[in-house]
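# Notes for the structure review
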Amino acid sequence: MYLSIISSLFSYICILLAVAFFTLLERKGLSYIQIRKGPNKVGLAGLPQPIADAAKLLTKEIAKPTMANYSPYFIAPIFSFILALLLWQLYPSMYSVGYFKWGVLFFLCVSALNVYGTLLAGWASNSKYALLGSLRAIAQTISYEVSMALILLFPLFIIGSFDFIEIKEAQTWVWLSFLMFPVSFIWFVTCIAETNRAPFDFAEGESELVSGFNIEYGAAGFALIFLAEYANILVMSLFSALLFFGAENMFFFSNDIIFMVKVLFFAFVFIWVRGSYPRFRYDLLMSLTWKGFLPAALSMLLMVLVFSYMSYF
């Protein structure tokens, strides 16, 4: 029991460090993409920058809006942060302490709860801008969770397991992305929309909502929301690599190292997309999922079910 607790704490510390330095990678990547200066002036290649940002946010005075509902206002960032860390319990590694036989169901349940953290943050702030941003985020997240759940059924039907480790190991000789590339592409676009990242970051549209649902947050509250968002980006990159680019048949390198390289590639694609595309219109985003992704996912899922049914005969 004590070994499990120590291992989980060590894992969470590593996750927080990964999130901190992923922000540095994003700032450096965007500076090269947009041909401008990045955080290269602080210390050695900007490496102390995430530590300085954390120290600044955690030592600032916590803002307390006069008209806010205090209990849900302070609970919302903590709730979002805990949910983001819970998803990392599904990391499929030989060094993992926990083991989830029904990992896909756990992922769907926890990811579905993320919307409540956004709702609490926007409603409890008692600000019209924050409420509008949270309503946008809720509508967007719920819409894309429908297509995301349907896309998750593809590897389940093909491999026949709810266990992420079994799904990963079943792709030793051929990746599922080779069998269904359109589905893997829809999944990744859905992940970008699910995490409220550009070009789908309408919950934080600076031009019309200032900063969205987190406008009234500062200091530690903003830091927790920020950490939750970037932890979700990394964990969705992990599941993208796991579901469609799973196991490795490498004889000279550690499989965990190769797998993490793939995760880092997908995480960098999040940054690449942000630096390459402008923000969409909100109505185009919603029509994309309801009129594009949902019919496409249902049609391809029906095709997979027909082939699976025919294989029994």
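Residues numbered from 1 in each chain as written. Predicted model: local features only at pLDDT ≥ 70, side-chain atom pairs only at ≥ 80, totals over all residues. Heavy atoms only, no water.

### Regarding the packing of aromatic side chains
Within the structure shown, the criterion is met by 19 aromatic pairs. Measuring from centroid to centroid gives 6.2 Å for Tyr144 and Phe293, while their planes differ by 80 degrees, and the two rings are edge-to-face. Of this pair, Tyr144 sits in helix α5 (residues 128-159) while Phe293 sits in helix α12 (residues 282-310), placing them 149 residues apart in sequence. Accessibility expressed as a relative area gives 0% for Tyr144, which makes it buried. Each ring, one from Phe245 and one from Phe266, has its centre 5.3 Å from the other, and the planes form 50 degrees; the classification is tilted. A residue pair is termed long-range when its members are at least 10 positions apart, and Phe245 in the loop between α10 (219-244) and α11 (255-276) and Phe266 in helix α11 qualify at 21 residues. Counting every residue linked through ring pairs, the aromatic cluster contains Trp175, Phe178, Phe188, Phe245, Phe265, Phe266 and Phe270. Positioned over the ring face of Tyr282 is Arg136, at 5.3 Å from the centre of the ring. Over the aromatic face of Phe259 sits the side chain of Lys168, whose NZ or CZ is 4.3 Å from the ring centroid. (Phe/Tyr/Trp six-rings, centres within 6.5 Å; stacked < 30°, edge-to-face > 60°. Helix = DSSP H or I, 4+ residues; strand = E, 2+ residues; numbered from the N terminus. Buried < 20%, exposed > 50% of the residue type's maximum accessible area, 1.4 Å probe, protein only. Lys NZ or Arg CZ within 6 Å of the ring centre and 35° of its normal.)

### Some remarks on the environment of Met236
Tracing the chain through its elements places Met236 in helix α10. Classification of Met236 as buried rests on a relative accessible area of 4%.

### Re the nonpolar core
In this structure, Phe107, Phe164, Trp187, Phe239, Leu243 and Phe244 are the most contacted members of the largest nonpolar core, which totals 64 residues. The dominant element in this core, judged by the number of residues it contributes, is α10, at 13 residues. Once residues lying within four places of it in the same chain are set aside, the contact partners of Phe244 are Ile151, Gln171, Trp175, Leu176, Ser177, Val183, Ser184 and Trp187. In terms of nonpolar packing, the next biggest core, distinct from the first, is built from eight residues, Ala68, Ala76, Ala124 and Phe213 among them. (Core = buried A, V, L, I, M, F, W, Y, C linked by side-chain atoms within 4.5 Å. Contact = heavy atoms within 4.5 Å.)

### Considerations on the layout of surface pockets
Looking at the largest pocket, its volume works out to about 980 Å³. Around the largest pocket, the lining is made up of 36 residues, and of these Thr23, Leu57, Phe222, Phe226 and Tyr230 lie nearest the centre. Among the elements of the structure, α1 (2-33), α2 (49-59) and α10 are those that each provide at least two residues to the lining of the largest pocket. Classifying every residue of the lining of the largest pocket by side-chain character gives 21 nonpolar, four polar and eleven charged. (1 Å grid on protein atoms, 1.4 Å probe; cavity = no way out; pocket = protein on both sides within 12 Å on 5 of 7 lines; lining within 4 Å. Points joined across faces, edges and corners; volume = space filled by probe spheres on them. Nonpolar A, V, L, I, M, F, W, Y, C, P; charged D, E, K, R; others polar.)

### Side note on the pattern of salt bridges
Enumeration according to the criterion identifies five salt bridges in this entry. Residues Glu26 and Arg197 are paired through a salt bridge, measuring 2.4 Å at the closest nitrogen-oxygen approach. Of this pair, Glu26 sits in helix α1 while Arg197 is found in the loop between α8 (181-194) and α9 (206-209), placing the two residues 171 residues apart along the sequence. Both residues of the pair, Glu26 and Arg197, count as buried. Residues Asp53 and Arg27 are paired through a salt bridge, measuring 3.0 Å at the closest nitrogen-oxygen approach. (Salt bridge = Lys/Arg side-chain N within 4 Å of Asp/Glu carboxyl O.)

### So, empty space enclosed by the protein
Which parts of space are left empty comes out when a probe the size of a water molecule is rolled across the atoms. Evaluation of the coordinates by the stated rule reveals two cavities of 30 Å³ or more. The volume enclosed by the largest cavity comes to roughly 350 Å³. Lining the largest cavity we find 22 residues, and of these Asn114, Thr118, Glu194, Asn196 and Asn232 sit closest to its centre. Mapped onto the lining of the largest cavity, the elements with two or more residues apiece are α3 (70-87), α4 (103-124), α5 and α10. No other element matches α4, which puts six residues into the lining of the largest cavity. Taken together, the residues of the lining of the largest cavity break down into ten nonpolar, nine polar and three charged.

### Focus: the UniProt feature "transmembrane region" (unreviewed entry) in the chain
As recorded in UniProt, the feature "transmembrane region" (unreviewed entry) lies at residues 6-25, 70-91, 103-125, 146-167, 173-193, 222-245, 251-273 and 293-312. Across residues 70-91, the secondary structure splits into 82% helix and 0% strand, with the terminal C-alpha atoms separated by 34 Å. A helix fraction of 82% and a strand fraction of 0% characterise residues 146-167, whose end C-alpha atoms lie 21 Å from each other. (UniProt positions renumbered as here; feature names shortened; annotations may be inferred.)

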